Structures are given as structure tokens and as C-alpha cells.
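Examining the three-dimensional arrangement
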Amino acid sequence: MKERLNAGIVGTGRYVPEKILTNRDLEKMVDTTDEWITTRVGIKERRIAAPYETTSTMGAQAARDALADAKLAPEDVDLIITATITPDVPWPATASFIQRQLGATRAACFDIEAACTGFIYGLSVAQAYIASGMYRTVLVVAAETLSRITDWEDRNTAVLFGDAAGAAVLQPVSEPRGILSVYLGADGSKGDLLELPGGGSRKPATHETVDQRQHYIRMKGNEVFKFAGRAMAQANKRALEKAGMKIDQVDLLIPHQANMRIIQAAARLSSLSMDKVYLNIEKYGNTSAATTAVALAEARLEGRVGPGSVCLLVAFGGGFTWGACLLRL
Ligand code: ACO
């Protein structure tokens, strides 16, 4: 029988667009204030993609960064998984565009869509391929251009989102390194609380869907809010149980950066102090699938974690989906 291989992260990368949109800028666009956004959400500014940038161009930049970090060449990559809710086009997959831009000619490519939990779902898929022995080098790219599906006239959502890309390269690693456990959750009955209603087979794009602003994010913020903290805490608990570990063995919690109050609730419910929680919501806002990938890359760059550190990535998002990934770097 084939030996099960441990999948681990051997490189991380990130890319954020240059343009910064501050809360003060937003005050001129919708009826909001810096004070409201800072205290209710925890965001001060977010990045906005340039007109020539797309999810794949940002994803490819993050992927180059991750491959350089792993000291690997694009030809080494066996599989590219892109997690996104803002693909370049409905199809082909954004992973295919990234493959072309990287010149990763040997790689198989597909996208997954699990909204803000996409990076964690992507890591779980990479782990399964590596553990099975089917692939050796898997690139997981989480990239979003949410500015293109944000209704800039709706203050309820316009203040929340930004653009960014993060990437991780996974390969077989030896114990005790690697992904220790993954827990994934979903509840399809809550799908309509957070959605993009138009443009799919249910409501193909028409003049009417455009006039009704159905190609933008729609969210019942309060309902999502109530669910999110508990879901992340439950995912943390399940991931720790699966690995037979305790919360005090975690060096850094890397949560989805949607709302500071949700992160605080998740940390409190997980009995973790905030000094063990990585935060960059203030400068990037909610970049959906990209938040945990960018945060992991930045935590490594800043030396918050290094070889041997135990990280717990946790997220929730549209679907609903939620999940956590416990790993040792
Ligand atoms: N500026 C000023 N006032 C505002 C703004 C704004 N930008 N947005 C809402 N308000 C007002 C509302 O109109 C309301 O006013 P009212 O009391 O006069 O009616 C008041 O503020 C309170 O509104 P709530 O919606 O109750 O505010 P809440 O405290 O719930 O915060 C928020 C709203 C930030 C959206 C919060 O509910 C939240 O973070 N929800 C979760 C969102 C999220 O995490 N989504 C993640 C998934 S994204 C994905 O999957 C792509």
C-alpha cells in the first residue's frame, strides 16, 4: 500500500493593488463616516485594482511570489487551484489564465468557489491530492477583484470590500510539519443571505438585471454577522479535535478579515487572546477568499510565524461555507 504523504506549505506569496481607497474617500461616495466604518467594522482603507488588473493578473503575481519563496519554477507545478468568486470570466477557469501567465505548462487547472472560505477549501483539496500521491506540487491561489461586484451606491456593502491575491505552494513534507487537520462546513439553506443574484443560469444578464443592480453583492449583513463568529469558533474546535490538539498549542490564529467584531467574537468563543490573532483588516478590508492567504503570507514576512509555528486558519462566507485548517509550518 502507498504511504500517506503529509502535505505542507513550502512557499507563500501575496499581491495587493497600488490604489488605496480610504474611509475618507468613501465619505464622498456614500452616506457614511470614517468613525462608523472604523468602530463597526475595523477597516480604515482597502486596495482597488487598476482598470487593467483582473483576478488572474493579481493571482499570477501572488503565485510568482509564492513560487520564488518556495524556490520552485512554474514548470514544477502539477496543479493550480484558484479560489475565487470574482473569476476573470464565467469560464474558462481563472486558474487557466494564471497557468498561461506563469508558463506553468505542466499544470492541471480548475477553480473552486466557496466564497470567503475558498482558500481553506483549496488547501483541503491540495492536501488530498498530495496525500493520495496523485500530485506533488500544488499551487493554491486565492484572488478576488471584489471592487467589480461591489455596488458603490450601497453604503451597507461599499465600505466592506477590497481587492487582493494570496497564494501558497504545497508539497509533501516530513512530520511533524504540514497540514494537521482540516474541518469544512456548509449550510446551503442560508445561501440567499449573501449572494450575487444576477448573471447565472437563474437570471442571465439582461438590461433588466443590470437596471435592478443584480450583478452586485447582496448581503443581509446582520444575519451573516450573527452566524459568523459562532461558525468560526466551531470550525476552530473541530479542527483542533481532529488533530488531538488544544487551543493553547496554537501560535497564531489567522481568521477571515470581514469584521473586527466578528474576529473578536470568534477569538473569545475559542478562548484565545487577541495577541495571538493576526489582523490586517484595517488596511485591506474584506477580500473574500484572499484574506486568509494574504494574512498567512504577511504573517510569515513579518516574522510573526516561522518554521515549526502552529497556525490555525479559519473563515466563513457565502454559501454559507465555513472551515478551519490547522497546520505546522
Ligand atoms: N455607514 C453608516 N451607517 C451605516 C452604514 C455605513 N456604511 N451601513 C449601515 N449603516 C447603518 C444602517 O443603515 C443602520 O441604520 P439604522 O439603525 O438607522 O437603520 C445602522 O447603521 C446599523 O446597521 P446594521 O446593519 O445593524 O449594522 P451592523 O452593526 O450589523 O454592521 C455590518 C453592519 C458591518 C455589515 C455587519 O453586519 C457585518 O459585518 N456583517 C457581516 C458581513 C460579512 O462578514 N460578510 C462576509 C462575507 S462576504 C462574502 O462572502 C463575499
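The numbers attached to residues start from 1 for each chain and follow its sequence in the written order. pLDDT decides what is reported in this predicted model: residues at 70 or higher carry local features, side-chain atom pairs at 80 or more are listed and counted, and totals for whole chains, interfaces and linings draw on all residues regardless. Processing note: side-chain calculations cover all non-hydrogen atoms of the structure and skip hydrogens and water entirely.

Notes on the nonpolar core
This is how the line gets drawn: The set of buried Ala, Val, Leu, Ile, Met, Phe, Trp, Tyr and Cys residues whose side-chain atoms join them within 4.5 Å is what this entry labels a nonpolar core. Categorising residues by exposure relies on relative accessible area from a 1.4 Å probe, with only protein chains included: less than 20% of the type maximum marks a residue as buried, more than 50% marks it as exposed, and the intermediate range marks it as partly exposed. Only DSSP runs of H or I covering at least 4 residues are called helices, and only runs of E covering at least 2 are called strands; the numbering of each starts at the N terminus. The domain limits used here are those given by an automatic or database domain assignment.
Core analysis: the biggest nonpolar cluster contains 43 residues, and Leu240, Val250, Leu312, Phe316, Phe320, Trp322 and Leu326 have the highest contact counts within it. For this core, the elements supplying multiple residues, two or more each, are helix 8 (221–243), helix 9 (260–269), strand 12 (310–317) and strand 13 (321–328). Of the residues forming this core, the biggest block, eight residues, is contributed by helix 8. Here this core spans two domains, since at least three of its residues come from each of domain 1 (7–175) and domain 2 (180–328). Ile9, Tyr121, Ile254 and Ala299 belong to the second largest nonpolar core, which has 35 residues in total.

Points about the pattern of salt bridges
Pairs can form between side chains of opposite charge whenever their charged atoms are close. Counted only if it meets this: In the sections that follow, a salt bridge refers to a side-chain nitrogen of Lys or Arg positioned within 4 Å of a carboxyl oxygen of Asp or Glu.
Under the definition given, this model contains 14 salt bridges. The partner of Arg24 in a salt bridge is Asp34, and the shortest N-O contact between them spans 3.6 Å. Placement of the pair is Arg24 in helix 1 (residues 23–27) and Asp34 in helix 2 (residues 34–40), with a sequence separation of 10 residues. Accessibility expressed as a relative area gives 12% for Asp34, which makes it buried.

Concerning unusual backbone geometry
Geometrically, the link from Glu175 to Pro176 is a cis peptide bond, its omega value of 5° lying close to zero. If you trace the backbone, Pro176 turns up in the loop between strand 7 (163–173) and strand 8 (178–186). The phi angle at Ser288 is positive, at roughly 50°, despite the residue not being glycine. Checked against the element boundaries, Ser288 lands in the loop between helix 10 (281–284) and helix 11 (290–301). Since its relative accessible area comes to 2%, Ser288 is described here as buried.

Details of the pairing of strand 6 (residues 138–145)
Note the threshold: When DSSP finds at least two bridges between two strands, those strands are taken to pair.
With eight of eight residues buried, strand 6 is to be regarded as a mostly interior element. Of the two faces of strand 6, both are covered, the one formed by Val138, Val140, Ala142 and Glu144 as well as the one formed by Leu139, Val141, Ala143 and Thr145. Of the pairings in the sheet, the one linking strand 4 (residues 79–83) to strand 6 comprises five bridges and is parallel in character. Paired with Ile81 across the strands is Val140, a residue of strand 6. Sheet topology places strand 6 next to strand 7; eight bridges connect them, and they run antiparallel. Among the inter-strand pairings, Val141 is bridged to a residue of strand 7, identified as Ala167.

A closer look at helix 5 (residues 118–132)
Cut-off, in case you're wondering: Here the expected span of a helix is defined as 1.5 Å times the quantity of residues minus one.
The terminal C-alpha atoms of helix 5, which comprises 15 residues, lie 21 Å apart, in line with the 21 Å expected from a rise of 1.5 Å per residue. Buried within helix 5 are the following residues: Gly118, Phe119, Ile120, Tyr121, Gly122, Leu123, Ser124, Ala126, Ile130 and Ala131. Positive phi appears at Gly133, one or two residues downstream of helix 5, with a value of about 85°.

Observations concerning the domain arrangement of the chain
Spelled out, the test is: Contacts between residues were defined by any pair of non-hydrogen atoms, one from each residue, lying within 4.5 Å. In short, buried area is how much 1.4 Å probe accessible area vanishes from two parts on joining, totalled over both. Under this definition, polar contacts are N or O atom pairs within 3.5 Å; protein pairs additionally need one hydrogen-donor-capable and one acceptor-capable atom, and for neighbouring residues in sequence, both atoms have to be side-chain atoms.
The domains assigned to the chain are domain 1 (7–175) and domain 2 (180–328). Look at where the C-alpha atoms of domain 1 and domain 2 centre, and you get two points 14 Å apart. In this complex, domain 1 contributes 48 residues to the contact, which on the side of domain 2 involves 45 residues. Across the domain 1/domain 2 interface, buried area totals approximately 3600 Å², and carbon plus sulfur atoms make up 64% of it. Among the residues of domain 1 in contact with domain 2, Arg14, Cys116 and Ile120 are the three that bury the most area, contributing 18% of the side total. Linking domain 1 to domain 2 there are four salt bridges. Between domain 1 and domain 2 we count 21 residue pairs in polar contact (both at pLDDT 80 or more) in total. Listing elements by their share of the side of domain 1 that touches domain 2, those giving two or more residues are strand 1 (6–15), helix 2, strand 3 (45–48), helix 5, strand 6, helix 6 (155–158) and strand 7.

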